[in-house]
Amino acid sequence: MSDWRVRAVRASKRPFSRSVTPIHRTDDQPAPEHSMDPRPDQPAEPVSLERSVVDAAVYHDGHRVQTATDLADVYRELPGKPGTMAWIGLYRPAETQLLEAAERFNLHELAVEDAIVAHQRPKLERYGDTLFVVLRAARYLDDVEEVDFGEIHLFVGPDFVLTVRHSQAPDLSAVRRRLEADPDLLALGPEAVLYAVLDAVVDGYAPVIAGLQHDIDEIETEVFGGDPQVSRRIYELSREVIEFQRATRPLLEIMQSLEAGFGKYGTDEELQRYLRDVADHATYAAERVDGFRQMLQNILTVNATLVSQRQNEEMKQLAEAGHVQNDEIKKISSWAAILFAPTLIGTVYGMNFTTMPELKWAFGYPFAIALMALVCTSLYLIFKRRNWL
C-alpha cells in the first residue's frame, strides 16, 4: 500500500473520529437517499463497494447511457470519450472502498482523508483538475422542534462526480432526477451536478429558517409570560443557531471561490448565472442566521432583566411582609410589658409577710392600685411615642 493510503487509514483511527460503514440494503428496502429517518443509524457490517453505491450512471450529452451495477463498467466508459460523465453516489463507504475509488479517479490523499474521517467544516479545495467540496445540509424536524445536520463530500473532476454521504440527508436522489429531467443542464458536465447539489442544500435551509423563526417567536412569548423553563430553551436554540451558522457562513466563501474561477476554468455563462443565484440565496440564509443569533442574545438579555425584576419584586414583598410582622411584634411586646408591670406589683404585695411595712397601712391598697396605674400609663406613653402602639 502506498504511503498516502497508509496515512488515510491511520487518519480514520484518530481519537473521537467516527468509523463509517455502509448500510445493508435488500431489494425490498428503500435506497438510503430516500430515507429521511432522523434517528441515529445502526452500525452495519462492511460490504462490497457496489453495495454502498446508491446510484452510479454514465451520462453522454446530458442523457443516461448506462446504469452500472459493476463500477468497473463505469471506469471503462470514461477515458477518451468527450461529453461523457460518470456520477457515482456513495453512502457511508468503508475506508478500503473509498481508497479504491480514490485510486481509480486519482483523488488527492488529503481530500480522501477528510472524506474518510468526516466531521469537516464546509469548504472548497482544488487539487489539480479536481474540486473537493464539503457541504453541511440541514433540515428542521417539526415533531421535536430541532435542526438535524447532514454532511456530504463531493469530488468533482473533468469527467466524473463522486458524492460521499455520511448521513441520510440530503436526499440526492431528487437532485439526480431533477438533472436527468433537464438534459441541457446536465450536459454542462460535472459543474452542473455541483450546482444542483449546492442548490438543493441551500434550498433546504429555507424550512430550517422558518422553523427557527417560529421557535424564536414562541420563546419571546414565553419570556414575557414568565415561563421559568424559557432560559433552558433559549440556550438549546442558541446552540442550534450557532451550528447552523457554522454550516451557512463558510458556504459564502465556497461560492466566492467558485465565482473567482469562472473565467480561469471556463465555466459556462448559463451555469454562472445559476451559481450566482445560489450565492444570493446562501447570502440571505447566512444573514438570517446571523440575525437569529443576535435576536437570541437580545432575548437572553431581556429574560435576565425580567428575571431580575421579578426577583426584586419578590424581595420587596418579603421586606414589606417582614416590616408588617415587625410592627405586630412591637405591639405584642408593648402590651406584654404594660401588663407585666401590675402583675409584678401585685405579686410583690401578695406575698403576705408579717414584717411587710405596708401590710397594715390604711392606704396600702390605694397606693398599690395607683402605682399600677402610673406604671402602665407611663409605659403606654413611652411606647406610643416610639410608634410601637
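Residues numbered from 1 in each chain as written. Predicted model: local features only at pLDDT ≥ 70, side-chain atom pairs only at ≥ 80, totals over all residues. Heavy atoms only, no water.

**Student:** Is there a simple way to think about the pairing of strand β3 (residues 84-91) in this case?
**Tutor:** Moving residue by residue along a regular strand, the side chains alternate between the two faces of the sheet. Burial runs high along β3: eight of the eight residues are buried. With burial as the criterion, each face of β3 is covered, one bearing T84, A86, I88 and L90 and the other bearing M85, W87, G89 and Y91. Across seven bridges, the pairing between strand β1 (residues 53-60) and β3 is antiparallel. Across the sheet, residue V58 finds its bridge partner in β3, namely A86. Taken together, the six bridges between β3 and strand β7 (residues 160-165) define a ladder with parallel strand orientation. Paired with Y91 across the strands is R165, a residue of β7. (Buried < 20%, exposed > 50% of the residue type's maximum accessible area, 1.4 Å probe, protein only. Helix = DSSP H or I, 4+ residues; strand = E, 2+ residues; numbered from the N terminus. Pairing = 2+ DSSP bridges.)

**Student:** Please clarify how a nonpolar patch on the surface should be interpreted in this entry.
**Tutor:** A cluster of nonpolar side chains, F340, L344, V348, M351 and F353, forms an exposed patch at the surface whose accessible area comes to about 490 Å². Its relative accessible area of 37% is what places V348 among the partly exposed residues. (Patch = residues over 30% accessible without salt bridge, like charges linked within 9 Å, V, L, I, M, F, W, Y side chains within 5 Å. Areas by Shrake-Rupley, 256 points an atom, 1.4 Å probe, with all protein chains shown as cover. Salt bridge = Lys/Arg side-chain N within 4 Å of Asp/Glu carboxyl O.)

**Student:** Looking at this model, I keep getting lost on helix α11 (residues 364-385). Mind explaining?
**Tutor:** Since the α-helix turns once every 3.6 residues, residues separated by three or four places project in the same direction. Taking 1.5 Å per residue, 22 residues should reach 32 Å; α11 reaches 32 Å between its end C-alpha atoms and fits that length. Of the positions making up α11, those classed as buried are G364, A368, M372, C376 and F383. For α11, the buried positions fall inside an angular range of 105° around the axis, keeping them on one side. Turned more than 90 degrees away from the buried face of α11, the exposed residues are L374, L381 and R385. For α11, the secondary structure elements touched by its buried residues are α10 (269-349). Two residues or fewer past α11, N387 is found with a positive phi of approximately 60°. (Expected span 1.5 Å × (residues − 1). Arc of directions from axis to C-beta. Contact = heavy atoms within 4.5 Å.)

**Student:** Would you mind showing me how to read the sheet that holds strand β4 (residues 123-127) here?
**Tutor:** With respect to topology, seven strands assemble into an open sheet ordered β2-β1-β3-β7-β6-β5-β4, the strand pairing being mixed. Taken across any chain shown, the strands that pair with only one partner, and hence form the sheet edges, are β2 (63-67) and β4. The mean inter-strand angle of the sheet, taken between neighbouring strand axes irrespective of direction, is 20°. Its contacts with the sheet put helix α4 (residues 109-117) on β4, β5 (130-141) and β6 (146-156), and the angle it makes with β6 is roughly 155°. (Axes fitted to C-alpha atoms, helices over the stretch in contact; angles between N-to-C directions.)

**Student:** Sorry, what's going on with the side chain of D55 here?
**Tutor:** Considering the arrangement of structural elements, one finds D55 in strand β1. Among the polar contacts listed, one links the side chain of D55 to the side chain of R176, at a separation of 3.3 Å. Not counting the four nearest positions on each side in its chain, D55 is found in contact with R64, T67, W87, I88, G89 and R176. (Polar contact = N/O pair within 3.5 Å; in protein donor to acceptor, adjacent residues only side chain to side chain.)

**Student:** What is the right way to read the side chain of T267 from this model?
**Tutor:** Secondary-structure assignment places T267 in the loop between α9 (230-260) and α10. Beyond its immediate stretch of four places on either side in the chain, T267 contacts E191, G261, F262 and Q272.

**Student:** Just to check I follow, could you spell out the pairing of β7 for this structure?
**Tutor:** Most of β7 sits out of view: six of its six residues are buried. Burial along β7 is two-sided: the residues F160, L162 and V164 and V161, T163 and R165 are all buried. If you look at the hairpin formed by β6 and β7, you'll find three residues sitting between the two strands.

**Student:** Honestly, the packing of aromatic side chains in this entry has me stumped. Any pointers?
**Tutor:** Geometrically, a pair of aromatic rings is defined through the distance of the ring centres and the angle of the planes. Scanning the model with the defined rule gives seven aromatic pairs in all. Each ring, one from F105 and one from F160, has its centre 4.3 Å from the other, and the planes form 25°; the classification is stacked. Here F105 is found in helix α3 (residues 95-105), whereas its partner F160 is found in strand β7, with 55 residues between them in sequence. One exposure class covers both F105 and F160, and it is buried. Ring centres 5.1 Å apart and planes at 20° place the aromatic pair Y195 and Y274 in the stacked group. Residue Y195 is found in helix α7 (residues 190-203), and its partner Y274 is found in helix α10; the two are separated by 79 residues along the sequence. The class for Y195 is buried, based on a relative accessible area of 5%. Classification of Y274 by relative accessible area gives partly exposed; the value is 28%. Put simply, the rings of F149, Y205 and F244 pair up and form one aromatic cluster. (Phe/Tyr/Trp six-rings, centres within 6.5 Å; stacked < 30°, edge-to-face > 60°.)

**Student:** I keep staring at the nonpolar core and nothing clicks. Help me out?
**Tutor:** Side chains that are nonpolar tend, in soluble globular proteins, to be buried together. By size, the foremost hydrophobic cluster in this structure holds 61 residues, and its most contacted members are L135, V197, L198 and F244. Considering every element that reaches this core, the biggest residue donor is α10, with twelve residues. Filtering out sequence-adjacent residues up to four positions away, L135 remains in contact with G150, E151, I152, L154, V197, L198, V201, L251 and I254. L98, L107, V112 and I116 belong to the second largest nonpolar core, which has 27 residues in total. (Core = buried A, V, L, I, M, F, W, Y, C linked by side-chain atoms within 4.5 Å.)

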